[in-house]
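Below are the chains, spelled out letter by letter.
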Amino acid sequence: MKTITLQIGNTDNKLTQIEWSDFVGDIAIMLEKLDAKIHFFGGPMNWEIWQNVAWVFEAQNDNMIFQEVKRIRRKFDQDSAAWTEGDTIFI
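All values derive from a computational prediction rather than experimental measurement.

Draft legend 1. Just the sheet that holds strand 1 (residues 2-9), in detail. Read from one edge to the other, the open sheet built from 4 strands follows the order 2-3-1-4, with strand pairing classed as antiparallel. Both outer strands of the open sheet, strand 2 (37-42) and strand 4 (82-87), are each paired with one neighbouring strand and no more. Across the sheet, the axes of successive neighbouring strands diverge by a mean angle of 15 degrees, strand direction being ignored. Sheet topology places strand 1 next to strand 4; 6 bridges connect them, and they run antiparallel. Bridge pairing in strand 4 links T5 to T84. Contacts from helix 1 (residues 17-33) reach strand 1, strand 2 and strand 3 (52-58) within the one sheet, and its direction differs from that of strand 3 by about 0 degrees. Sheet strands touched by helix 2 (residues 62-75): strand 1, strand 3 and strand 4. Its angle to strand 4, the strand with the most contacts, is close to 165 degrees.

Draft legend 2. Expanded view of helix 2. Counted at 1.5 Å a residue, the expected span for helix 2 with its 14 residues is 20 Å, and the 20 Å between its end C-alpha atoms agrees. Those residues of helix 2 that fall on the buried side of the exposure criterion are D62, I65, V69, I72 and R73. Taken around the axis of helix 2, the buried residues stretch over an arc of 100 degrees, which confines them to a single face. Among the exposed residues of helix 2, those oriented more than 90 degrees off its buried face are N63, R74 and K75. Buried residues along helix 2 sit in contact with strand 1, helix 1, strand 3 and strand 4. Following helix 2 by one or two positions, D77 has its phi on the positive side, about 55 degrees.

Draft legend 3. Geometry of the pattern of salt bridges. Throughout the structure, instances matching the rule amount to 6 salt bridges. Linking E85 and K2 is a salt bridge whose minimum nitrogen-to-oxygen distance equals 3.2 Å. Of this pair, E85 sits in strand 4 while K2 sits in strand 1, and the two are 83 residues apart along the sequence. Overall, the relative accessible area of 43% leaves E85 in the partly exposed class. For D79, the salt bridge identified is with K14, shortest N-O distance 3.4 Å.

Draft legend 4. Just unusual backbone geometry, in detail. Even without a glycine there, the phi angle at D35 is positive, about 60 degrees. The topology assignment puts D35 in the loop between helix 1 and strand 2. For D77, which is not a glycine, the phi torsion comes out positive at approximately 55 degrees. Among the secondary structure elements, D77 is positioned in the loop between helix 2 and strand 4. Under the relative-accessibility criterion, D77 is labelled exposed at 53%.

The rules we used
Residues numbered from 1 in each chain as written. Predicted model: local features only at pLDDT ≥ 70, side-chain atom pairs only at ≥ 80, totals over all residues. Heavy atoms only, no water. Pairing = 2+ DSSP bridges. Helix = DSSP H or I, 4+ residues; strand = E, 2+ residues; numbered from the N terminus. Axes fitted to C-alpha atoms, helices over the stretch in contact; angles between N-to-C directions. Contact = heavy atoms within 4.5 Å. Expected span 1.5 Å × (residues − 1). Buried < 20%, exposed > 50% of the residue type's maximum accessible area, 1.4 Å probe, protein only. Arc of directions from axis to C-beta. Salt bridge = Lys/Arg side-chain N within 4 Å of Asp/Glu carboxyl O.

Here it is in structure tokens:
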């Protein structure tokens, strides 16, 4: 099975707190709508200076999710998001 890790952040501080909340929310809603099987979601303690979060998930339609991440990233004027995928091997 292929596992995907998606990481987004606001380390450039372009987003206000409300915009950051909306950015994270839009990604979360999109993953839910596209039936991603989420294994993990989290970020640093809320008092840390960097705002970032990560999802680890499986999805049948990963290409559609990839395209949607690009669209949402552009909507919030973010330069990048990190996408890592690979085969999961149980040992």
